[in-house]
Amino acid sequence: MTLKKEAPSVSQPTVRQIMRLEVPTAAPEASIAELAKTMVADNVPGIPIVENGELVGIVTEADLIQREAEVEAPKLATFFDAIIVGDAGVPFEEELRRVTATTARELMSSPVISIRDDATLSEFATLIMQYAVNPVPVVDAQRRIVGLATRRGLIETIARLESVGEMESSQG
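**Section: the environment of leucine 154**
Take leucine 154: it is sitting in helix α7 (residues 151-171). In this structure the C-alpha to C-alpha distance between leucine 154 and alanine 125, which are 29 residues apart in sequence, comes to 7.8 Å. Excluding its chain neighbours within four sequence positions, the residues that come into contact with leucine 154 are Ile18, Leu121, Phe124, Ala125 and Ile128.

Listed below in structure tokens is the structure:
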């Protein structure tokens, strides 16, 4: 899914201005250890997974952390002749898949939520809040990765813009 709304006005900052241009990627066969080492070495919160030049998934810090979390088997209850499974949130099969993953393909989230580089920062903020994602691959019209946008990049931009706003208001 790629977010692209209306064209930004000249004064609105865009994702292009905050995205990281050097994007580490991994193949679907990459091991969990390789992914974790790359995240640390490149100081990124997630690694896009690319196969044959196409963005096919993403593995994030949250995916790696969730892999280490305890998995609770669903609670079963009987009611007459029926067995009822208690729903406690994330499906057990999904939790089990993540815990037992050994490669990027087994752990990655797919399809990937991505954004175009000409989207506004407001659109980017809306996307990361609505879908609880970080990082977000930035793609061109052919869905090739051209950058990586992160919450940290957005916060750094907000801090810079707010500082400029404070200076202008104190001088005016």
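**Focus on unusual backbone geometry**
Here the bond from serine 110 into proline 111 is cis, since omega is 0 degrees, no more than 30 degrees from zero. Looking at where proline 111 falls in the secondary structure, it is placed in the loop between α5 (104-107) and β6 (114-116). Omega for the bond connecting asparagine 134 with proline 135 falls within 30 degrees of zero, at 0 degrees, which places this linkage in the cis form. Along the chain, the position of proline 135 falls in the loop between α6 (121-131) and β7 (136-139). With phi around 55 degrees, asparagine 52 is a residue other than glycine that occupies positive phi space. Here asparagine 52 shows up in the loop between β2 (46-51) and β3 (54-60). We classify asparagine 52 as exposed; its relative accessible area is 81%. The backbone of alanine 132 sits at a positive phi, close to 50 degrees, despite the residue not being glycine. Looking at where alanine 132 falls in the secondary structure, it is placed in the loop between α6 and β7.

**Topic: the confidence of the model for the protein chain**
When pLDDT drops low, the exact placement of atoms in the prediction is not to be read closely. Summing up the model confidence of the protein chain, the mean pLDDT is 84 and the portion of residues at 70 or higher is 76%. The secondary structure element of the protein chain with the lowest average pLDDT is strand β1 (residues 2-3), at 56, and the one with the highest is helix α2 (residues 32-42), at 97.

**So, the pairing of β7**
The two faces of a sheet get side chains in turn, since along a regular strand they alternate between them. What you see with β7 is no split at all: Val136 and Val138 on one side and Pro137 and Val139 on the other are buried throughout. Pairing geometry for β6 and β7, over two bridges, is parallel. Each residue of the ladder has a partner; that of arginine 116, found in β7, is valine 139. Viewed along the sheet, the connection from β6 through α6 into β7 turns out right-handed.

Here is what the cut-offs are and how they apply
- Residues numbered from 1 in each chain as written.
- Predicted model: local features only at pLDDT ≥ 70, side-chain atom pairs only at ≥ 80, totals over all residues.
- Heavy atoms only, no water.
- Helix = DSSP H or I, 4+ residues; strand = E, 2+ residues; numbered from the N terminus.
- Contact = heavy atoms within 4.5 Å.
- Buried < 20%, exposed > 50% of the residue type's maximum accessible area, 1.4 Å probe, protein only.
- pLDDT = per-residue confidence, 0-100.
- Pairing = 2+ DSSP bridges.
- Right-handed = clockwise from strand over helix to strand, strands pointing away.

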